[in-house]
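Examining the three-dimensional arrangement
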Amino acid sequence: MAPNDRSGPNGPSVSPQEALDFHAQGRPGKLEIIATKPMATQRDLSLAYSPGVAVPVKAIAEDPARAYDYTAKGNMVAVISNGTAILGLGNLGALASKPVMEGKSVLFKRFADVDSIDIEVDTEDADEFINCVRYLGPSFGGINLEDIKAPECFIIEQRLRELMDIPVFHDDQHGTAIIATAGLINALHITGRDMKTAKLVCNGAGAAGIACIELVKSLGFTPENVILCDTKGVVYQGRTEGMNQWKSAHAVPTEKRTLAEAMDGADVFFGVSAKGALTTAMVQSMAKNPIIFAMANPDPEITPEEVAEIRTDAIMATGRSDYPNQVNNVLGFPYIFRGALDVRATTINDAMKVAAAQALADLAREDVPDEVAAAYQGSRPRFGPNYIIPVPFDPRLISAIPLAVAKAAMESGVAGRPIVDLERYRQQLSARRDPIASTLQRIYDSVRRKPKRVVFAEGEEEQVMRAAVSYANQKLGTAILIGRDDIIREHAQASGIDLNREGIEIINARLSRRNGIYADFLYERMQRRGLLFRDCQRLINNDRNYFGATMVALGDADAMVTGVTRNYSTVLEEVRDVIDAKPGHRVIGVSLVLARGRTVVVADTAVHDMPNAVELADIAEETAGFARRMGYEPRVAMLAYSTFGHPAGERSERVQEAVKILEKRRVDFEYDGEMAADVALNPKLMAQYPFCRLSGPANVLVMPAFHSASISTRMLQELGGSTVIGPMLVGLNKPVQIVSLNARDSDLVNMAAIAAYNANA
């Protein structure tokens, strides 16, 4: 039984009826099959099945490796159980295990974009189980065994690994071991211990316990310093009662016979056993700064509260999400299989497990992004005794763990298709979890080639400081924080942010040697708009948007990002007091919408409330230019509630007039309108209008008004599961981007990169 992934990634308690309702609502269960190719026409069916399917059949018959190219095999894992050790419930049978196996399949997809299907095998005979599973190899890229009791689980996994040429992984064993080992690496680091001399006691000699001590030994623990205990006491050399070959492999020469004796002077305790197995007296007898991983679920061997009463120097981990340092298998198995599948590994070996554990340990030592802090309800975790293991919703897991596993597979010689460009692979991994990543990667790469100085105007805000550090760490250029130096450094120290690094500058507006020059510049612009010199001086001294925008206007910085503490329209007004529109251009807001593999540019999403025909034409030109800079050849649809005159209306006439203006301007991109959104995006509906100028579905949508742009993008985001980047300002003479109020650090970094990219354009 895996002791650590049973309450879900965040593990809140639920009522029995709530759980039943969840599984019964809508389509019963948690899985469905969705076709990845179009199935709308007879031709689609002819390609998908007969006669077209015969072609890949013959190709695979000639070369079995082509199955990875022409079928789902390379991204498909089977989750297989016989239900003999379900959760903490015991042997309830294969059918009863199905909800758990479906849940495992959902986690594979959610966290690592691995397709998965559950298979329940109705036998308790190990040989029958093995013979059933071994013949499923052609269907899958990997096998995840689950909830199979010991010792049969050892026999089954070992035999299937010998018989099959795809990874076979018993997560109840190795998943627990990998996550626990990752936490142990960091706990040893914090307490200054050496693996070769540290003494570890593991209580629980089932699947997880055996796997844990095997992995820590492969990592460098001295075998004689690792004591295994079960319900009958210490597993020592010469013991015969309750033994099997797996326990015997870890028997040690010792005079200790009980768990209490083994715990005396121990540095580390691993518990994969039962509630109450570890007493306070045992904890009291441990060495200084004891490391206690009480991983029994739902109730640990000893609670953190019980330990805290007698030891203030202990580092604790449990399998529960309501305590710090949750040992949760979802941190491992999705990403381990992701890396193994991507290099077509023939097995998951010790080198890959160690690599996964080390990558998890390394990730916990890095600065925590806002997405992770949000899971802690505003209390940002920091590497230390209460944060030695990453949390499941850390977005960096997808790019860190599979990469480490893939590298280890290649280095250990079990990769069938080695990856040449590992940095490119990292980018692809990020894109699986975050569709923004692939869209922005071109921008990041461009900025790294020509790094830029970017002003982070609200420099005293915590997320702004974190964004500045991330910007500098990613080698995008220099991040300039505007604010009071002492306040910024005080807040940074309190938040665990290290600003003492290359690429970070702090500027106090009042103390800047450029202060007077900036005030003169602003006064020159504002003197005929009702402001006196002293007013301009006050704005430069006290308003960081004015100061930062003036830095950019005068070339002391390349770009600026702001907006965390003020609403969008206010910030835009302040910026435009300092920076004009680019000559011949119109300032607009543009959003990128990513949905189901498609990217569409939408405008105007920020500036013009109800544009007239000329303004609509300008918006179309501006947005088409933006799309080109982003790498898309624009196909612009001028949207309305009507399509080519039907039904008629005043607002549609304004869009029609905008199209005529574009005709007169002889623009160099495809455009047409007015048309409804479904016609613009659906090639079959567009085909009903053979006179339409667009050669394919539109990738630029010009909305008839700001309210329609805002409503549609927000609706797509909330109901359609789309990702929206923006609005991004386009058309200013100098690059400035405005984020939404209380934006996350990752949003700020993305906008800073976009601003820097525009500075290069």
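Parameters at a glance
Residues numbered from 1 in each chain as written. Predicted model: local features only at pLDDT ≥ 70, side-chain atom pairs only at ≥ 80, totals over all residues. Heavy atoms only, no water. UniProt positions renumbered as here; feature names shortened; annotations may be inferred. Helix = DSSP H or I, 4+ residues; strand = E, 2+ residues; numbered from the N terminus. Rg over C-alpha atoms; globule rule 2.2 N^0.38 Å. Contact = heavy atoms within 4.5 Å. Areas by Shrake-Rupley, 256 points an atom, 1.4 Å probe, with all protein chains shown as cover. pLDDT = per-residue confidence, 0-100. Polar contact = N/O pair within 3.5 Å; in protein donor to acceptor, adjacent residues only side chain to side chain. Pairing = 2+ DSSP bridges. Axes fitted to C-alpha atoms, helices over the stretch in contact; angles between N-to-C directions. Parallel < 35°, antiparallel > 145°, perpendicular 65-115°, else oblique. Left-handed = near helix turned anticlockwise from the far one by under 90°. Nonpolar A, V, L, I, M, F, W, Y, C, P; charged D, E, K, R; others polar. Patch = residues over 30% accessible without salt bridge, like charges linked within 9 Å, V, L, I, M, F, W, Y side chains within 5 Å. Salt bridge = Lys/Arg side-chain N within 4 Å of Asp/Glu carboxyl O. Buried < 20%, exposed > 50% of the residue type's maximum accessible area, 1.4 Å probe, protein only. Phe/Tyr/Trp six-rings, centres within 6.5 Å; stacked < 30°, edge-to-face > 60°.

By the naming in an unreviewed UniProt entry, the protein goes by NADP-dependent malic enzyme and is assigned to Tianweitania sediminis. UniProt, in the comment section headed Subunit (unreviewed entry), describes the protein in these words: "Homooctamer."

1. A word on the overall build of the protein
Regarding its fold elements, the protein presents 31 helices and 21 strands. Relative to the 2.2 N^0.38 estimate, which gives 27 Å for 761 residues, the radius of gyration of the protein is 30 Å and therefore close to what a compact globule would have. Its C-alpha atoms give the protein principal-axis dimensions of roughly 95 × 75 × 50 Å. Across the protein, the fraction of contacts at a sequence separation of at least 24, relative to all contacts at a separation of at least 6, is 70%. Entry remark: accessible area of the protein is about 33500 Å², with carbon and sulfur atoms responsible for 51%.

2. Let's talk about the UniProt feature "binding site: NADP(+)" (unreviewed entry) in the protein
As annotated in UniProt, the feature "binding site: NADP(+)" (unreviewed entry) corresponds to I86, L87, G88, L89, G90, N91, L92 and G93 in the numbering used here. Along the chain, L87 turns up in the loop between β1 (76-81) and α5 (98-112). Looking at the secondary structure, you find G88 in the loop between β1 and α5.

3. So, the confidence of the model for the protein
The pLDDT averaged across the protein works out to 91; a share of 96% of its residues lies at or above 70. pLDDT under 50 marks residues 1-13. Its contacts with residues more than four places away, or in other chains, come to 50 contacts.

4. Points about the environment of T191
Inspection of the secondary structure puts T191 in helix α8 (residues 171-191). Discounting residues that sit within four places of it in the chain, T191 has contacts with N289, I291 and I315. Within polar-contact distance, the side chain of T191 engages the backbone oxygen of A187 at 2.8 Å. Side-chain polar atoms of T191 contact the backbone oxygen of L188, separated by 3.4 Å.

5. Digging into the sheet that holds strand β19 (residues 700-702)
The 6 strands lie next to each other as β18-β17-β19-β16-β15-β20, forming an open sheet whose pairing is mixed. Single-partner strands in this sheet number two, and they are β18 (670-675) and β20 (723-730). Direction aside, neighbouring strands of the sheet carry axes that sit 20° apart on average. Sheet strands touched by helix α26 (residues 613-629): β15 (588-595), β16 (598-603), β17 (635-639), β19 and β20. Its angle to β15, the strand with the most contacts, is close to 55°.

6. Quick notes on the packing of helix α22 (residues 515-526) against helix α23 (residues 533-542)
Two quantities define a packed helix pair, namely the angle between the helix axes and the distance between the axes. Two elements in contact, α22 and α23, have axes whose closest approach is 8 Å; the angle formed by their N-to-C orientations is 130°. With respect to their mutual orientation, α22 and α23 come out oblique. Where α22 crosses over α23, the two elements pack in a sense that is right-handed. Touching N515, Y518, A519, D520, L522, Y523 and M526 of α22 are F533, C536, Q537, L539, I540 and N541, all from α23. Looking at the contact of α22 with α23 residue by residue, the classes come out as 9 nonpolar, 3 polar and 1 charged.

7. A closer look at a nonpolar patch on the surface
There is a patch of nonpolar side chains on the surface, built from I711, M715 and L719 and spanning about 350 Å² of accessible area. Take I711: it is sitting in helix α30 (residues 706-719). For I711, a relative accessible area of 49% gives the class partly exposed.

8. Points about the packing of aromatic side chains
Counted under the stated rule, the structure contains 12 aromatic pairs. Considering the side-chain rings of F270 and F293, the 5.3 Å spacing of their centres and the 20° angle between planes classify their relative orientation as stacked. Taken together, the residues span a long stretch of sequence, with F270 in strand β8 (residues 268-271) and F293 in strand β9 (residues 291-294) at a distance of 23 residues. Arranged with centres 5.6 Å apart and planes meeting at 85°, the rings of Y523 and F533 form a pair that is edge-to-face.

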